[in-house]
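# Analysis of the macromolecular model
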Amino acid sequence: MPDSQLEDPLARFLSRECGQWTWWTVGTPYLDRTLMAEELALLPDGTQLSEGQDLESVRLERVRAARSDLVVPAPGPR
């Protein structure tokens, strides 16, 4: 669901509880900053937030350039 708000807690969990060392971007289709304020405060400094429904080519290029160990994509439409 596009407004699940699970992306930020997942990033916080992987960072703080699992010792994930570096975040470049946490992307979410919709970000309710009031609802997620506590979670956002727990993300590592410098974490870039990306909000939007479409995965435009610029965002894809950033993902490719980062050569991340882990990318968690949202499920596509059915």
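Located above this text is the structure these notes cover.
Now for a description of the structure that goes with this document. (Residues numbered from 1 in each chain as written. Predicted model: local features only at pLDDT ≥ 70, side-chain atom pairs only at ≥ 80, totals over all residues. Heavy atoms only, no water.)

### Thoughts on helix α1 (residues 7-17)
- Three or more residues of α1 are buried, namely E7, D8, P9, A11, R12, L14 and S15.
- Those residues of α1 that are buried are in contact with β1 (25-28), α2 (37-41) and β2 (48-51). (Buried < 20%, exposed > 50% of the residue type's maximum accessible area, 1.4 Å probe, protein only. Helix = DSSP H or I, 4+ residues; strand = E, 2+ residues; numbered from the N terminus. Contact = heavy atoms within 4.5 Å.)

### Focus on the pairing of β1
- Only one face of β1 is covered, namely the one carrying V26 and T28; the face carrying T25 and G27 has none of its residues buried.
- One ladder, built from four bridges, connects β1 with β2; its direction is parallel. Along β2, the bridge assignment pairs V26 with L49. (Pairing = 2+ DSSP bridges.)

### Examining the side chain of T28
- Residue position: T28 is located in strand β1.
- When its relative accessible area of 4% is taken as the criterion, T28 is described as buried.
- Looking at T28, its side chain comes within polar contact range of the main-chain oxygen of Y30, at 3.0 Å.
- Setting aside residues no more than four positions away along its own chain, T28 makes contact with E7, S50, E51 and G52. (Polar contact = N/O pair within 3.5 Å; in protein donor to acceptor, adjacent residues only side chain to side chain.)

### A closer look at the nonpolar core
- Formed by A11, V26, L31, M36, L40 and L43, the largest nonpolar core amounts to six residues.
- When sequence neighbours within four positions are dropped, the list of residues in contact with L40 reads D8, L31, R33 and L49. (Core = buried A, V, L, I, M, F, W, Y, C linked by side-chain atoms within 4.5 Å.)

### Re the pattern of salt bridges
- As enumerated under the stated definition, the model contains two salt bridges in all.
- One salt bridge connects R12 with E39, and the closest N-O pair in it is separated by 2.7 Å. A residue pair is termed long-range when its members are at least 10 positions apart, and R12 in helix α1 and E39 in helix α2 qualify at 27 residues.
- Look at E39 and you get buried, because its relative accessible area is 18%. (Salt bridge = Lys/Arg side-chain N within 4 Å of Asp/Glu carboxyl O.)

### Digging into the side chain of D8
- Take D8: it is sitting in helix α1.
- Those residues in contact with D8 that lie beyond four places of it in its chain are V26, L31, M36, E39, L40, L43 and L49.

Shape is all these values report; function is a separate question.
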